Every structure is written in structure tokens, then in C-alpha cells.
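In case you want the letters, here they are:
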Amino acid sequence: MADACFGHPRLAAIYDPLDPDRGDLDPYVRLAAEFGARRVLDIGCGTGVFALLLAERGVEVIGTDPARASIDVARAKPGADRVRWICGDATALPPLRVDLVTMTANVAQAISDPWLWQKTLRVAYASLRPGGYLVFESRDPARRAWEEWNRESSCKVTDIPGVGRVESWVELVEVSLPLVTFRWSYVFAADGQVLTSESTLRFRERSEIEGDLLSQGFVVDDIRDAPDRPGKEFVFLVRRPEAG
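S.K.: Got a minute to help me understand the pairing of strand E9 (residues 194-202) in this structure?
M.R.: Consecutive side chains of a regular strand alternate in pointing toward one face of the sheet and then the other. Pairing of strand E8 (residues 179-188) with E9 involves nine bridges; the strand directions are antiparallel. Residue pairing for E9: Trp 184 is matched across the bridge by Ser 197. Counting the residues that bridge the hairpin from E8 to E9 gives five residues, and of these Gly 192 lies at a positive phi of roughly 80°.

Here you go:
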């Protein structure tokens, strides 16, 4: 099931206004150009920001996400008809042949179930043409990012056109490594409604991720820093072998 912040219609509708700076996607756009990718599968596409960035550049994009409300938001955006939207997780995908598979932001970590994670990697491998790339990021557990997830440092009020003022903040619920659970709260000033969304991320060690990738047949070409968060995340660039 999708977390409420992606699956609840009222929360999905404000997801982009609450996080308008998506500079974290710029490196993925550059990598798509570097690889010469003409066909891309974006797993966990959410409200479609990255998929539409690629589509604007003439790339054929398939965006998939289990949250119907987020897909509905994506489909309502300008240019959305240039993207093929699929509601469901990666295990429900039809056979594909793409140049690049992406999982941006927290998507890889949000796949916290080990079976579903392995299945997602298998689907990504099967969807790639030989020589095609899978690119995704995952936070370094050693940096203990969750220690900064609290109301004091995250609380903000955002004035959203057509919605009004929305107060939001995050609170840590449980740390049981490798799983970390947190809860976002949203207060709508227009009618006083309070909505919450609980999420769990799996903080995998670099060696664990490398082992998972190798077991699925991938070649690990590079592991980089996230340009906007140096030293905090691993960015994996892995490839389906030409003969694979």
C-alpha cells in the first residue's frame, strides 16, 4: 500500500507545493542525457515531476507508482499525455525494453520488504536492454539522517494557492535498524482537518546493496555521492551486461 502522503487525494495534491525545489532530479536528467537514453522506466514516479522533465526533452517515459492519487496528479499536469502512466508497483509491469531505469529520491529505500526489493531489481534487469542502466540512490546509514527528523527542525507553514495555509512537520516514530519509521502531519487551516502519513524506510549498507545487485546479474559501474547531499547518500550506476 502507498503511504498516505502519496495515496490520499488531498495530500497528493499538495505534495509538489510542499517540496517545490526538485534540484535533486537534475543529476538524473544529466545521466539520462549522458547515457543517450531514449526510453526510460521511472519506478516510483509519484506525481510525475521527473518523468515530465524527461518527456519535455523528447524521451519516451513509462512512469509507474502504486499510489493512484499521485498518478492522478501526474496525469493532470501539462504534457502528461507524453508519458505512459501505470498504477502499480514494479512487479505488475508488462514486458518492457528500456535504456534506463530510475528510482529517484527515497524510492529504493521505501521498498522496505526484502522480497519486493529483490523482485523490483529483477524487473528492472528484465526491463533493460543489454547495456542499459539502472540508477538509484540510498542514504548512508552511518550518517543517521533520522536523528534530524523532528518537529522542531521541520515544522513549516506553506500558503498553497487554492488550498490555503498548510502546517506540516515530521516526527520520528521508531528506529529498529535497518528500518526507520516516521510520521508526517498536515494541518489544513481552511477547515482544520489534520491528516497524517506514516512511512518506513530501509537503510541498507552499501555492501548489502552491491550484493543484491550482483545477485540479480547487474554490473556495478560506479557508486557516487549525491551532488546536493555529498557524503550522505550512495548513488548507484549499474548496468545490465551486453551479453546479459
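S.K.: What is the right way to look at the state of the cysteines in this model?
M.R.: Formally, a disulfide is one covalent bond, and it connects the sulfur atom of one cysteine to the sulfur atom of another. By the definition in use, this model includes zero disulfides. No disulfide involves Cys 87; its sulfur sits 8.9 Å from the nearest other cysteine sulfur, which is in Cys 45. The class for Cys 87 is partly exposed, based on a relative accessible area of 28%. With no disulfide of its own, Cys 155 has Cys 5 as its nearest cysteine by sulfur position, at a separation of 17 Å.

S.K.: Is there a simple way to explain the layout of surface pockets in this structure?
M.R.: Regions of empty space are outlined by a rolling probe, equal in size to a water molecule, passed over the atoms. Considering only enclosed or pocket space, the second largest pocket measures out at about 160 Å³ in volume. What lines the second largest pocket is a set of 14 residues, and nearest its centre among them are Pro 27, Leu 31, Asp 225, Pro 227 and Val 235. Per element, the largest residue contribution to the lining of the second largest pocket is four residues, and it comes from helix H4 (residues 26-34). Tallied by class, residues from the lining of the second largest pocket come to seven nonpolar, no polar and seven charged.

S.K.: Got a minute to help me understand the sheet that holds E8 in this structure?
M.R.: Adjacent strands of a sheet pair through backbone hydrogen bonds, lying either parallel or antiparallel. Sheet architecture is open: four strands sit in the order E6-E7-E8-E9, paired in antiparallel fashion. Both edges of this open sheet fall to strand E6 (156-160) and E9, since each of them pairs with a single strand only. Mean inter-strand twist for the sheet, computed between neighbouring axes without regard to direction, equals 25°.

S.K.: Can you help me understand unusual backbone geometry in this one?
M.R.: Most peptide bonds adopt trans geometry, and most residues besides glycine take a negative phi value. Of note, the amide linkage connecting Leu 177 to Pro 178 takes the cis form, showing an omega dihedral of 15°. Residue position: Pro 178 is located in the loop between strand E7 (164-176) and E8. The phi angle at Ala 105 is positive, at roughly 50°, despite the residue not being glycine. Residue position: Ala 105 is located in the loop between strand E4 (98-103) and helix H7 (107-110). Residue classification places Ala 105 among the partly exposed residues on the basis of a relative accessible area of 27%. The phi dihedral of Arg 144 is positive, around 50°, even though this residue is not glycine. Note that Arg 144 resides in the loop between strand E5 (128-139) and helix H9 (151-154).

Each value, and the rule that gives it
- Residues numbered from 1 in each chain as written.
- Predicted model: local features only at pLDDT ≥ 70, side-chain atom pairs only at ≥ 80, totals over all residues.
- Heavy atoms only, no water.
- Pairing = 2+ DSSP bridges.
- Helix = DSSP H or I, 4+ residues; strand = E, 2+ residues; numbered from the N terminus.
- Disulfide = S-S within 2.5 Å.
- Buried < 20%, exposed > 50% of the residue type's maximum accessible area, 1.4 Å probe, protein only.
- 1 Å grid on protein atoms, 1.4 Å probe; cavity = no way out; pocket = protein on both sides within 12 Å on 5 of 7 lines; lining within 4 Å.
- Points joined across faces, edges and corners; volume = space filled by probe spheres on them.
- Nonpolar A, V, L, I, M, F, W, Y, C, P; charged D, E, K, R; others polar.
- Axes fitted to C-alpha atoms, helices over the stretch in contact; angles between N-to-C directions.

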